[in-house]
Amino acid sequence: MKFYTTVFKNSKIGKVTRYPEGAPGPAGSVMTGSIEIEGQEFVPLNGGPLFKFTEAISFVVNCDTQAEVDDYWNKLTAGGGQEVECGWLKDKFGLSWQVVPTILPKLLGDEDRDKSKRVMDAMLKMKKIDIEGLKRVA
């Protein structure tokens with residue numbers, strides 16, 4: 001939770017619950033917590049090695065500028081995160097994120113099918129989305 005408060009400016013940690021003696025996790029270690037990010041509350045559970053993140057769920061960060069894309073991308077991949085493709089990444093905990101420029105859905109949904117195909121083809125070759133690159137091919 002501390003990591004995510006360094007990534008998102010408008011965030012704060014709420015209540016933290018710890019495992020008691022005799023629980024599935026080590027006594028005193030974090031069991032759950034609450035974190036608010038941009039007005040949305042999340043309650044992460046420390047499931048230990050039994051429960052791992054998968055790509056079946058990801059969080060989307062919508063960005064208006066390339067500077068925002070770059071900032072979130074760099075912060076979320078810091079400390080062992082990995083770039084994936086098409087604006088996807090995994091942070092150092094293995095949680096999947098999509099860092100999406102707000103212009104992307106507009107370009108992909110353009111009525112000019114050739115234009116939207118060029119944008120799709122370009123995006124599929126990118127890891128971090130390059131807004132100017134998408135605009136050039138559009």
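Please refer to the structure higher up on the page.
Predicted model only: the values in this text are computed from it and were never measured.

*Asks:* It is not clear to me how the environment of Gly 25 should be interpreted in this structure. Could you clarify?
*Replies:* Following the sequence through the fold, Gly 25 ends up in the loop between β1 (11-18) and β2 (30-37). For the pair formed by Gly 25 and Gly 48, sequence separation is 23 residues and the distance between their alpha carbons is 7.4 Å.

*Asks:* Explain the sheet that holds strand β5 (residues 82-83) to me, please; I cannot follow it from the model alone.
*Replies:* Adjacent strands of a sheet form backbone hydrogen bonds with each other and so pair up, either parallel or antiparallel. Taking strand neighbours across the sheet as the criterion, the four strands line up as β4-β7-β6-β5 in an open arrangement whose pairing is mixed. Only two strands of the sheet have a single neighbouring strand rather than two, namely β4 (58-63) and β5. Relative to strand β7 (residues 96-101), β4 runs parallel, the two being bridged by six bridges. Looking at β7, one finds that Phe 59 is bridged to Trp 97. Against the sheet, helix α2 (residues 66-77) makes contact with β4, β5, β6 (88-90) and β7, and its axis sits at roughly 170° relative to β7, the strand it touches most.

*Asks:* Explanation requested: the nonpolar core in the structure shown.
*Replies:* Side chains of nonpolar character tend, in soluble globular proteins, to be buried together. Formed by 17 residues in total, the largest nonpolar core has its most connected members in Tyr 4, Phe 8, Tyr 72, Leu 76, Trp 97 and Val 99. Among the elements that line this core, the one with the most residues is α2, at four residues. With residues up to four places along the chain from it excluded, the contact list for Tyr 4 reads Ser 11, Ile 35, Ile 37, Asp 91, Phe 93, Leu 95 and Trp 97. One finds Val 119, Met 126, Ile 129 and Leu 134 within the second-largest nonpolar core, a separate group that totals ten residues.

*Asks:* Can you walk me through the side chain of Ser 96 in this structure?
*Replies:* Mapped onto the elements, Ser 96 comes out in strand β7. Once residues lying within four places of it in the same chain are set aside, the contact partners of Ser 96 are Thr 54, Glu 55, Ile 57, Ser 58, Phe 59, Trp 88, Leu 89 and Lys 90.

Thresholds applied
Residues numbered from 1 in each chain as written. Predicted model: local features only at pLDDT ≥ 70, side-chain atom pairs only at ≥ 80, totals over all residues. Heavy atoms only, no water. Helix = DSSP H or I, 4+ residues; strand = E, 2+ residues; numbered from the N terminus. Pairing = 2+ DSSP bridges. Contact = heavy atoms within 4.5 Å. Axes fitted to C-alpha atoms, helices over the stretch in contact; angles between N-to-C directions. Core = buried A, V, L, I, M, F, W, Y, C linked by side-chain atoms within 4.5 Å. Buried < 20%, exposed > 50% of the residue type's maximum accessible area, 1.4 Å probe, protein only.

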